[in-house]
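Given next are the chains, with one letter for each unit.
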Amino acid sequence: PAAFAQKYSPDWTSLKAHTVPNWFEDAKFGIFIHWGLYSVPAWAPPSGELGKVDMSRWFYQNAYAEWYLNSIRLKDSPSYKHHVETYGADFDYYRFGQAFEQQNRAWKPQNWASLFKDAGARYVVLTTKHHDGYTLWPSKVPNPKRPQGGINSPRDLVGDLTKAVRGAGLHMGLYYSGGLDWTFETRPIATMGDLRTTAPQTEEYARYADAHWRELIRLYQPSVLWNDIGYPKLGKPEALFADYYNAVPEGVINNRFSVEYSDFTTPEYAKYDKITPKKWESCRGLGFSFGYNQVEGPEHVIAPEALIELLVDIVSKNGNLLLNIGPKPDGTISEIQLNRLNALGAWLKTNGDGIFGSRPWVRPSAKTTAGGDVRFTKKGDALYAFLLGRAAGPSTVVGLTLAPGSTVRLSGGRSVAWKKTGDGTTFELPANSPAAGPVALSITPAPAA
Ligand SMILES: CC(=O)NC[C@H]1N[C@@H](C)[C@@H](O)[C@@H](O)[C@@H]1O
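Residues numbered from 1 in each chain as written. Predicted model: local features only at pLDDT ≥ 70, side-chain atom pairs only at ≥ 80, totals over all residues. Heavy atoms only, no water.

S.K.: Explanation requested: helix α7 (residues 109-118) in the structure shown.
M.R.: Within an α-helix, residues lying three or four positions from one another point in the same direction, as the helix has 3.6 residues per turn. Looking only at α7, the buried set comprises P109, W112, A113, L115 and F116. Buried residues of α7 fall within an arc of 165 degrees about the axis and therefore sit on the same side. Phi for G120, located one or two positions after α7, is positive at around 95 degrees. (Buried < 20%, exposed > 50% of the residue type's maximum accessible area, 1.4 Å probe, protein only. Helix = DSSP H or I, 4+ residues; strand = E, 2+ residues; numbered from the N terminus. Arc of directions from axis to C-beta.)

S.K.: Please explain the nonpolar core as it appears in this structure.
M.R.: With 116 residues, the main nonpolar core has F29 and F116 as its most contacted residues. Judged by nonpolar contacts, the second largest core, of 19 residues, contains A366, V374, V397 and L402. (Core = buried A, V, L, I, M, F, W, Y, C linked by side-chain atoms within 4.5 Å.)

S.K.: Sorry if this is basic, but what is going on with the packing of helix α12 (residues 304-316) against helix α13 (residues 335-351) here?
M.R.: Remark: α12 packs on α13, axes separated minimally by 9 Å, with the N-to-C direction vectors making an angle of 55 degrees. In terms of axis orientation, α12 runs oblique to α13. Of the two possible hands of crossing, α12 and α13 adopt the one that is right-handed. Between α12, through P304, L307, I308, L311 and V312, and α13, the contact on the second element is made entirely by N339, R340, A343, L344, W347 and L348. (Axes fitted to C-alpha atoms, helices over the stretch in contact; angles between N-to-C directions. Parallel < 35°, antiparallel > 145°, perpendicular 65-115°, else oblique. Left-handed = near helix turned anticlockwise from the far one by under 90°. Contact = heavy atoms within 4.5 Å.)

S.K.: Would you explain the sheet that holds strand β12 (residues 407-410) in this entry?
M.R.: Pairing between sheet strands relies on hydrogen bonds along the backbone, with the strands arranged either parallel or antiparallel. Strand order in this open sheet of 5 strands is β8-β9-β10-β15-β12, and the pairing throughout is antiparallel. In the strand order of this sheet, the two ends are held by β8 (365-367) and β12, each with one partner. With direction set aside, neighbouring strand axes in the sheet form an average angle of 25 degrees. In this structure, β8 lies alongside strand β9 (residues 373-379), joined through 3 bridges in antiparallel fashion. The residue bridging A366 from the neighbouring strand is V374, located in β9. (Pairing = 2+ DSSP bridges.)

S.K.: Sorry, what's going on with the packing of aromatic side chains here?
M.R.: Each aromatic ring pair is described using two quantities: the centre-to-centre distance and the angle formed by the ring planes. Inspection of every chain in the model, using the stated rule, returns 40 aromatic pairs. Ring centres of W213 and F257 lie 6.0 Å apart, and the angle between their planes is 35 degrees; on these two criteria the pair is classed as tilted. Here the residue W213 occupies a position in helix α10 (residues 203-220), and F257 occupies one in the loop between β5 (252-253) and β6 (280-284), the gap between them amounting to 44 residues. Summarising the burial analysis for this pair, W213 and F257 share the class buried. Plain terms: the ring middles of W361 and F376 are 5.0 Å apart, the flat faces sit at 70 degrees to each other, and that makes the pair edge-to-face. (Phe/Tyr/Trp six-rings, centres within 6.5 Å; stacked < 30°, edge-to-face > 60°.)

Dropping the structure here:
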């Protein structure tokens, strides 16, 4: 029997010996899911992407539909106006639990698992408890602030999805809002300062959050601990980390416990502009929200080509893309979100060879003489060059020199003629290949620089 590995001890020196497992380096693309009570109202003003809206306005016009409870606590927000008009001023947010629990009885998790697999995703991260405190699994840990209950899903949504996702051959990760819990702190957040002062720091909450993470690890052995927005100082994360790594050797932990060790950083609606040695994962919604927002239209949602180029850019710089889907309460997914997943999946089916299992090259990017963008990845003895937004016909990549006799192919397909020119290397690209998204060229042997 496998001895219970005691490799890690609850101190940062021991934990810093942890390395990121290959599966997470190879995976490149995961699906984030924000699903919960906020999926019932599914309403937020599409005010803009995080980072592009002045923070003095952000909380009042919060584009994150999963922040609905906080938004309706701000009486001069568009969300409060919508809430009064739609449900009435005295409709308590937690009453959405009835509709959520009633509607998700029909949900078939295997439909999500096959959809995400077809999209090319290699892992999934589901919200188990967001800031509103509602748990998507029937936790046995009592919430001292909610003796009346109504804060735990009777259906084991976490377990059902974990089983289906693993059945489809994908890794399963779990998101937990460690830093905020609006059943412990009911004051509204209108400024960044409020974010800090409303983060519960009592011993009672620290024990609650620690018990939740330990229950999740014991029940589901998640491959990712995706903690969000900080962690209570009394929460003893180093003990949690050591016990987790000893129980789940292939596990990874993100940087949002805000402590001195993590396996990867998590820029949100952001990405790095150069290769970083530390593993990172960029997360964002398809539009401006993580929770389903019924008022978002095509003008708020990233275009298919831009989504594919986003993934290629992130991978060329040592990142993963964690792309969020916001399902409806019954588990169905809106047409526009399905459309984007299918576009990405179709491109990856033909051009994924240079993405999955690749690593960054000596440099992430180049230009063509026509001003086009190029991104590079390396895999085995092949260099992959992705020509973003390119036209067909001859395309010259500046500063790229191939060894004589190198073979160039469209990713996994037909060979491509090339020649050395004064500026670099000119490739003869066939017309409209692929239909949408960057052309992926595999070049063997990979040039040294
Ligand atoms: C930077 C940060 O802590 N963001 C918190 C933010 N994370 C997103 C993935 C969503 O869960 C938001 O609702 C949450 O506030």
